[in-house]
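A structural walkthrough
Here are the chains, one letter per residue:
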Amino acid sequence: MSEIVFQGASSLALDAKGRLSVPSRHREVLQLLCQGRLTVTKHPDGCLMLFPRPTWEGFRDKVAALPMSAAGWKRVFLGNAMDVEIDSAARVLISPELRKSAGLKNDVMLLGMGSHFELWDAEAHAAHEAETMAGPLPDALKDFSF
């Protein structure tokens, strides 16, 4: 199987139990790639990351191999990781702890980020994106052709 790349933004709503409907364009790929098994954890920017399980396992192994100086970040990534499965109604449960840590209310944005997804509170995402776009281009993009 060639490299799977998740991309695009989906504006979604969490239900009363904190479940997220997986967008239809990602469902089949996630079933094929990981039988609907995902891992959710915290992101340094305050959102959540959702990984297909095989991708998570590679990320987890890299984090576990970090030196003791990164012990705090090991706790953030590994200590908060929750294994979840896409249910028969194509939903994923986001734990109350992770919802609270990312400030997720009802309206959320699911962003395809290549190998994984980011899950943002919709208002926080809009503010973060506006702040990014108002700032200078990083050096890595200075010579990038648009």
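Residues numbered from 1 in each chain as written. Predicted model: local features only at pLDDT ≥ 70, side-chain atom pairs only at ≥ 80, totals over all residues. Heavy atoms only, no water.

**Quick look at the side chain of His116**
Rules: A helix here means a DSSP run of H or I that spans at least four residues, while a strand means a run of E at least two residues long, and both kinds are numbered starting from the N terminus. Throughout this description, a polar contact denotes any pair of N or O atoms lying within 3.5 Å of each other; where both atoms belong to protein, one of them has to be capable of donating a hydrogen while the other can accept it, and for residues adjacent in sequence the pair is counted only when both atoms sit in side chains.
Structurally, His116 is set in the loop between strand S7 (107-114) and strand S8 (117-121). Looking at His116, its side chain comes within polar contact range of the side chain of Ser115, at 3.2 Å.

**Here we look at the environment of Arg27**
Rules: Contacts are residue-level and defined by heavy atoms, with any inter-residue pair within 4.5 Å sufficient.
The topology assignment puts Arg27 in helix H1 (residues 24-34). For Arg27 and Ala124, which are 97 residues apart along the polypeptide, the C-alpha to C-alpha distance reads 25 Å. When near neighbours in sequence (up to four residues on either side) are disregarded, Arg27 contacts Val22 and Ala90.

**Quick notes on the nonpolar core**
Which entries qualify depends on this criterion: Here, the term nonpolar core denotes a set of buried Ala, Val, Leu, Ile, Met, Phe, Trp, Tyr and Cys residues that are joined through side-chain atoms within 4.5 Å. Categorising residues by exposure relies on relative accessible area from a 1.4 Å probe, with only protein chains included: less than 20% of the type maximum marks a residue as buried, more than 50% marks it as exposed, and the intermediate range marks it as partly exposed.
If you look at the biggest cluster of nonpolar residues, it comprises 23 residues, and the most contacted ones within it are Leu20, Leu30, Leu38, Leu48, Ile94, Leu104 and Leu119. Looking at this core, the elements with two or more residues in it are strand S1 (6-13), H1, strand S3 (37-42), strand S4 (48-52), S7 and S8. When neighbours within four sequence positions are excluded, Leu119 is seen to be in contact with Leu20, Cys47, Leu48, Leu50, Ile94, Leu104, Val108, Met109 and Leu110. If you look at the next biggest cluster of nonpolar residues, it comprises five residues, including Met49, Phe51, Val63 and Phe77.

**Remarks on the pattern of salt bridges**
Selection rule: For salt bridges, the criterion is a side-chain nitrogen of Lys or Arg within 4 Å of an Asp or Glu carboxyl oxygen.
For the coordinates displayed, the defined rule picks out six salt bridges. For Asp15, the salt bridge goes to Arg19, with nearest N and O atoms at 2.6 Å. Under the relative-accessibility criterion, Asp15 is labelled partly exposed at 27%. Across the pair Asp87 and Arg91 runs a salt bridge whose closest N-O atoms are separated by 3.0 Å. Given a relative accessible area of 23%, Arg91 falls into the partly exposed group.

**Points about the sheet that holds strand S5 (residues 82-85)**
Worth spelling out the cut-off: What makes two strands pair is DSSP finding at least two bridges between them. Working convention: axes come from line fits to C-alpha atoms, limited for helices to the stretch in contact. Angles between N-to-C directions cover 0 to 180 degrees.
Pairing within the open sheet is antiparallel, and its six strands lie in the order S1-S7-S8-S4-S3-S5. Each end of this open sheet is capped by a strand with a single partner; those strands are S1 and S5. Between one strand and the next, the sheet's axes are offset by a mean angle of 25°, whatever the strand orientation. Relative to S8, S4 runs antiparallel, the two being bridged by three bridges. Within S8, the position partnered with Met49 by the bridge is Glu118. Against the sheet, helix H2 (residues 53-64) contacts S3, S4 and S5, and its axis sits at roughly 115° relative to S4.

**Comments concerning helix H3 (residues 71-79)**
We count it as follows: This arc is taken over the directions from the axis of the helix to the C-beta atoms.
Listed as buried for H3 are Ala71, Lys74 and Phe77. Taken around the axis of H3, the buried residues stretch over an arc of 125°, which confines them to a single face. Exposed residues pointing more than 90 degrees away from the buried face of H3 are listed as Arg75 and Gly79. Buried residues along H3 sit against S3, S4 and H2.

**Let's talk about helix H5 (residues 122-134)**
For clarity, the threshold we go by: Every helix has an expected span of 1.5 Å times one less than the residues it contains.
Over its 13 residues, H5 runs 18 Å from end to end, which matches the ideal 18 Å to within 8%, given 1.5 Å per residue. Among the residues of H5, the N-terminal cap falls to Asp121, whose side-chain oxygen and the backbone nitrogen of Glu123 are separated by 3.2 Å.

**Describing unusual backbone geometry**
Of note, Gln35 is a non-glycine position whose phi angle comes to about 55°, a positive value. In this structure, Gln35 sits in the loop between H1 and S3. Of note, the phi angle at Ala90 is positive, near 65°, even though the residue is not glycine.

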